[in-house]
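# Fold and contact review
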Amino acid sequence: MSEAPAMTDLGAGDPWVLLHSFPVDRRMWAAQCAALAADGHRALALDLPGFGGAPRMANDPPSLDGYADAVLAALDALGLDRVTLVGLSLGGYVALRVAARAPGRLAGLVLADTRAAADGPEARAGRVLNLGLVRSRGPSALIEKMLPHLLGADAPEAVRAALRGWAGEQSAGGVSDALLAMRDRGDATPVLATIACPTLLLVGSQDTITPPAEHAAMAAAIAGSRVEVVEGAGHLSNLERPEAFNAALRRWSAGRA
Ligand code: MLT
């Protein structure tokens, strides 16, 4: 395994790029990177700008396009023409921007615990409250507020502790940028019908933030896509049920060959 400052690069084979959720960083993909590498793929987990080891984005105001720019720049720097792109929640919003802007770079797409629709008025108002919280009390206060909604009923205590640790290490600036970018993101629903690469929708059965029904609706709009439900997991399905999540990736990958 080689470590660049803001990237995990594990294994050899066809490249998979993994984009993390909010407000954490690429460490959330450790189990998936290990499994993909063991299965003969190259797993690259990136820190989005402003998270983990990555500098904040230059885009002002912050936008999902700023994150997509960073992903495409990383692919160029790595000399990767086409990749399987995996995004969970915030990572899925970014993956949909990449799909819109550079569809030819995608050999496959995995959208996990995410949505295509933009924030409605209530969600936008919630972002403003969360911005105030992060600016006054930092990302640790935000993760405490989010935790009850992020995880399913039976989530292991170790997952809760890991999330607290990772979120607490993020900068208030990077987390605030993401809140603004998510608040102001556009509706990506029209992008769904343009997606032509093999696509998997993955969702925890107990995901109340981006529920299974939304994934079924996205799948209906993406030709040839398929949905898998990770039973017993909430919004962070890859962390709560890593074996089930990895098995779903494996089944889909084998089926598209
Ligand atoms: C995430 O898990 O990345 C967040 O729930 C995304 C969001 O707040 O919309």
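Just so it is clear, the structure is predicted and the values come from calculations on it, not from any experiment.

### Digging into the site of the ligand
- For the ligand, the full set of nearby residues is Ser 21, Phe 22, Ser 89, Leu 90, Tyr 93, Arg 127, Met 182 and His 235.
- Residue Phe 22 places a main-chain N or O atom 2.8 Å away from an oxygen atom belonging to the ligand.
- Protein coverage of the free-state accessible area of the ligand, which is 270 Å², stands at 93%.
- For the ligand, the cavity whose grid points lie within 2 Å of the majority of its atoms is the largest pocket.
- Partitioning the shell around the ligand into residue classes produces four nonpolar, three polar and one charged.

### Overview of the environment of Asp 65
- Tracing the chain through its elements places Asp 65 in helix H2 (residues 64-78).
- Of the residues examined, Asp 65 reaches a relative accessible area of 27% and is grouped as partly exposed.
- Taking the C-alpha atoms as reference points, Asp 65 and Val 98, separated by 33 residues in sequence, lie 8.3 Å from one another.
- In this structure Asp 65 touches Asn 59, Arg 97 and Arg 101, once residues within four positions along its chain are discounted.

### Details of empty space enclosed by the protein
- A complete count under the given rule lists one cavity of 30 Å³ or more for this structure.
- There is about 50 Å³ of room inside the largest cavity.
- Forming the walls of the largest cavity are Ala 35, Leu 36, Asp 39, His 41, Asn 246, Leu 249, Arg 250 and Ser 253.
- When contributions to the lining of the largest cavity are tallied by element, the ones reaching two or more residues are helix H1 (30-38) and helix H11 (242-256).
- Residue contributions to the lining of the largest cavity peak at four residues, all from H11.
- Its residues assigned to classes, the lining of the largest cavity comprises three nonpolar, three polar and two charged.

### So, unusual backbone geometry
- In this chain, Phe 22 is followed by Pro 23 through a cis amide linkage whose omega measures 0°.
- Its place among the elements puts Pro 23 in the loop between strand S3 (14-19) and H1.
- The peptide bond linking Asp 60 to Pro 61 adopts the cis configuration, its omega dihedral lying at 0°.
- Within the fold, Pro 61 resides in the loop between strand S4 (41-46) and H2.
- Notably, Ser 89 is not glycine yet its phi reads approximately 55°, a positive angle.
- Within the secondary structure, Ser 89 is located in the loop between strand S5 (83-88) and helix H3 (90-101).
- Within the chain, Asp 113 stands out as a residue other than glycine whose phi angle is a positive 45°.
- Of note, Asp 113 is situated in the loop between strand S6 (106-112) and helix H4 (121-137).

Parameters at a glance
- Residues numbered from 1 in each chain as written.
- Predicted model: local features only at pLDDT ≥ 70, side-chain atom pairs only at ≥ 80, totals over all residues.
- Heavy atoms only, no water.
- Near = heavy atom within 4 Å.
- Polar contact = N/O pair within 3.5 Å; in protein donor to acceptor, adjacent residues only side chain to side chain.
- Areas by Shrake-Rupley, 256 points an atom, 1.4 Å probe, with all protein chains shown as cover.
- 1 Å grid on protein atoms, 1.4 Å probe; cavity = no way out; pocket = protein on both sides within 12 Å on 5 of 7 lines; lining within 4 Å.
- Sits in = over half its atoms within 2 Å of the grid points.
- Nonpolar A, V, L, I, M, F, W, Y, C, P; charged D, E, K, R; others polar.
- Helix = DSSP H or I, 4+ residues; strand = E, 2+ residues; numbered from the N terminus.
- Buried < 20%, exposed > 50% of the residue type's maximum accessible area, 1.4 Å probe, protein only.
- Contact = heavy atoms within 4.5 Å.
- Points joined across faces, edges and corners; volume = space filled by probe spheres on them.

Purely geometric stuff here, so don't read any function into it on its own.
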